[in-house]
Amino acid sequence: MAKPDAIKADDMGSVLGLLVHDFRNPAATITANADFLEEVGLVDTDANEALQDVKLAVGELRRGLDMLAWISRWFTGHVPLEAANGDAGVFLERLERVDTPVPVTVEVAQGDQLYAQGAQVAVDVVDVLLHNTLANVPDPRATVRVYQQGGRVVIEVQDAGEALAPELRDIAFTLEGQHALKGRLDGRYSRFVGLFAASVALDGVGGAIEADGERGAAIFRVFLRGARPTHRPPRPPSL
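Worth saying up front: this structure is predicted, and the values here are computed from it rather than measured. (Residues numbered from 1 in each chain as written. Predicted model: local features only at pLDDT ≥ 70, side-chain atom pairs only at ≥ 80, totals over all residues. Heavy atoms only, no water.)

Draft legend 1. Inspection of the packing of aromatic side chains at higher detail. According to the stated counting rule, one finds three aromatic pairs in the structure shown. Here Trp74 and Phe75 contribute two aromatic rings whose centre-to-centre distance is 5.5 Å and whose plane-to-plane angle is 55°, an arrangement assigned as tilted. Measuring from centroid to centroid gives 6.3 Å for Phe173 and Phe220, while their planes differ by 80°, and the two rings are edge-to-face. Of this pair, Phe173 sits in the loop between strand E5 (152-159) and helix H5 (178-181) while Phe220 sits in strand E7 (residues 217-225), and the two are 47 residues apart along the sequence. The burial state of Phe173 is the same as that of Phe220; both residues are buried. Members of the aromatic cluster, connected to one another through ring pairs, are Trp74, Phe75 and Phe196. (Phe/Tyr/Trp six-rings, centres within 6.5 Å; stacked < 30°, edge-to-face > 60°. Helix = DSSP H or I, 4+ residues; strand = E, 2+ residues; numbered from the N terminus. Buried < 20%, exposed > 50% of the residue type's maximum accessible area, 1.4 Å probe, protein only.)

Here is the structure:
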């Protein structure tokens, strides 16, 4: 049998993919049964609260499986997330109108060219970062800013928590760096190795992520490649 350090990335990705598939089946069964119990109703208040806890836990499990799926596809050389090009500002401003892990304010720079390669992936990556806020900030809320910088579209997620320690910023988004983050207040560890999963998802569309900020103003900054809109609005008729 090959030693762990001799296992190929492609083989590791394939095994992770199998695990994701196998775990999804029992997770779906639990979800279906929890939904059924909720539909028929539970008289006992404690039992109903327990059922809601089960649903939340399974939701987290399924979120983790999604990120594990990104990583397995990345290991096997596939795009972790099929993400459409588009206006990152349009994708992200919707966060103020849907359920998010924490309350969020979105600030979109007006007049900037925010059309980006794989922009749709930003929604999933920002969701990972908002869950990071939820896990690491006592009064969790966040501000998401979208603007243009040179030929790139930049998305910042800022909260009032501890900024990621400067000595960890180079390794925070790598597989080997996840153990170093765990257990540190300034490590900003994300459940299901979320920071690594976010970097993997961005890598698939040519994007990148970094950490910045200071105590009380922690920042995660996502970079996407600018792209040309596929459909331009018609020009006004000439006079």
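Draft legend 2. Representation of the sheet that holds E5. One open sheet holds the five strands; their spatial order is E2-E4-E5-E7-E6, and the pairing between them is mixed. A strand with exactly one partner marks an edge of an open sheet, and here the two such strands are strand E2 (104-108) and strand E6 (208-214). Taken over all neighbouring pairs, the strand axes of this sheet differ in orientation by 20° on average, direction set aside. The sheet contact formed by E5 and E7 spans eight bridges and is antiparallel. Following the sheet pairing, Asp159 is matched in E7 by Ala218. This element, helix H6 (residues 194-203), spans E6 and E7 of the sheet and lies at about 135° to E6. (Pairing = 2+ DSSP bridges. Axes fitted to C-alpha atoms, helices over the stretch in contact; angles between N-to-C directions. Contact = heavy atoms within 4.5 Å.)

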